[in-house]
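# Descriptive analysis of the structure
The residues making up each chain are set out below.
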Amino acid sequence: MKIDLSKLKIGKSVIFKESLDVLKFYDRLSYPLDKIINLNADAEVTDYSDFIAVNITINSDVLLVCSYTLEKFQEHIKDHISLQFSSNKEDENSEEDIIYFKGNEINLDPYIIDLLFASIPTRPIKKGAKLPKGGENYEVYTEDEYLESEKNKTDSRFDKLLDIDLDE
């Protein structure tokens, strides 16, 4: 979504709506995000002469991988972010949360996709999925069960030492 600044009037809000081409973001997909089904963004842009305020709202349907069952499931993501942009060279190194830009256009695509990625849970769980108690070659322990098993565990490298009779 590119904002042409020539379409803005000082003090007036302009709303831009766009359905983004999700194919150009496929190289950035990683677990638990399996697929972006659609990504729609609305941007309310207001020029305040010394800075430009942008309020972005995203709506997206994504395919996630359940962290319990590893099954894929669809989830709806909706989120919002407010950004401030300035073309003033003094704001480039400012400690305020102002994003410096050059030219007559602001490209919002990187901010939109970053907002989507930040909105995805790190351990998504499919509705109704339960944590498995065990499976092939693994078991799930509570913390107390784990500590008890570690207490009784010996290092196999030293098992031969258990056979030595020190009383002789």
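Bear in mind the structure is a predicted one, so any value in this text is a computation, not a measurement. (Residues numbered from 1 in each chain as written. Predicted model: local features only at pLDDT ≥ 70, side-chain atom pairs only at ≥ 80, totals over all residues. Heavy atoms only, no water.)

Turning next to the packing of aromatic side chains. Summed over the entire model, instances satisfying the criterion amount to three aromatic pairs. Ring geometry for Y48 versus F51: centroids 5.2 Å apart, planes at 35 degrees, classification tilted. Taking the relative accessible area as the measure of exposure, Y48 reaches 41% and is therefore partly exposed. For F51, a relative accessible area of 22% translates into the label partly exposed. Arranged with centres 6.4 Å apart and planes meeting at 75 degrees, the rings of F85 and F101 form a pair that is edge-to-face. One end of the pair, F85, is in strand 5 (residues 72–86); the other, F101, is in the loop between strand 6 (99–100) and strand 7 (105–107), and 16 residues separate them in sequence. Classification of F85 as buried rests on a relative accessible area of 2%. Pairwise contacts between aromatic rings join F85, F101 and Y111 into one cluster. (Phe/Tyr/Trp six-rings, centres within 6.5 Å; stacked < 30°, edge-to-face > 60°. Buried < 20%, exposed > 50% of the residue type's maximum accessible area, 1.4 Å probe, protein only. Helix = DSSP H or I, 4+ residues; strand = E, 2+ residues; numbered from the N terminus.)

Within helix 1 (residues 109–119), burial applies to D109, I112, I113, L115, L116 and S119. Taken down its axis, helix 1 places every buried residue within 155 degrees of arc, on the same side. Looking at the buried positions of helix 1, the neighbouring elements they touch are strand 3 (33–47), strand 4 (52–65), strand 5 and strand 7. (Arc of directions from axis to C-beta. Contact = heavy atoms within 4.5 Å.)

Turning next to the sheet that holds strand 6. Taken in spatial order, the five strands make up an open sheet running 2-3-4-5-6, and their pairing is mixed. In this open sheet, the two edge strands, each paired with only one partner strand, are strand 2 (13–19) and strand 6. Here seven bridges tie strand 2 to strand 3, and the two strands are oriented antiparallel to one another. In the strand pairing of strand 3, V14 is matched with V45. (Pairing = 2+ DSSP bridges.)

Here we take up the pairing of strand 3. One ladder, built from 13 bridges, connects strand 3 with strand 4; its direction is antiparallel. Paired with A41 across the strands is I58, a residue of strand 4. The antiparallel pairing of strand 3 with strand 4 creates a hairpin that spans four residues between the two strands, and S49 there sits at a positive phi of about 65 degrees.

Core analysis: the largest hydrophobic core is formed by 35 residues, its most contacted members being I36, L39, I52, L108, I112 and L116. Broken down by secondary-structure element, the contributors of at least two residues to this core are strand 3, strand 4, strand 5 and helix 1. Aside from chain neighbours lying at most four places away, what touches I52 is L5, L8, V45, T46, D47, L83, Q84, F85, F101 and I106. (Core = buried A, V, L, I, M, F, W, Y, C linked by side-chain atoms within 4.5 Å.)

Looking now at the pattern of salt bridges. Counting across every chain of the model gives three salt bridges. Between D34 and K72 there is a salt bridge; the shortest N-O distance is 3.3 Å. One end of the pair, D34, is in strand 3; the other, K72, is in strand 5, and 38 residues separate them in sequence. Here K126 makes a salt bridge to E71, at a shortest N to O gap of 3.0 Å. Remark: E71 occurs in the loop between strand 4 and strand 5 and K126 occurs in the loop between helix 1 and strand 8 (134–135); sequence separation between them is 55 residues. Classification of E71 as partly exposed rests on a relative accessible area of 38%. (Salt bridge = Lys/Arg side-chain N within 4 Å of Asp/Glu carboxyl O.)

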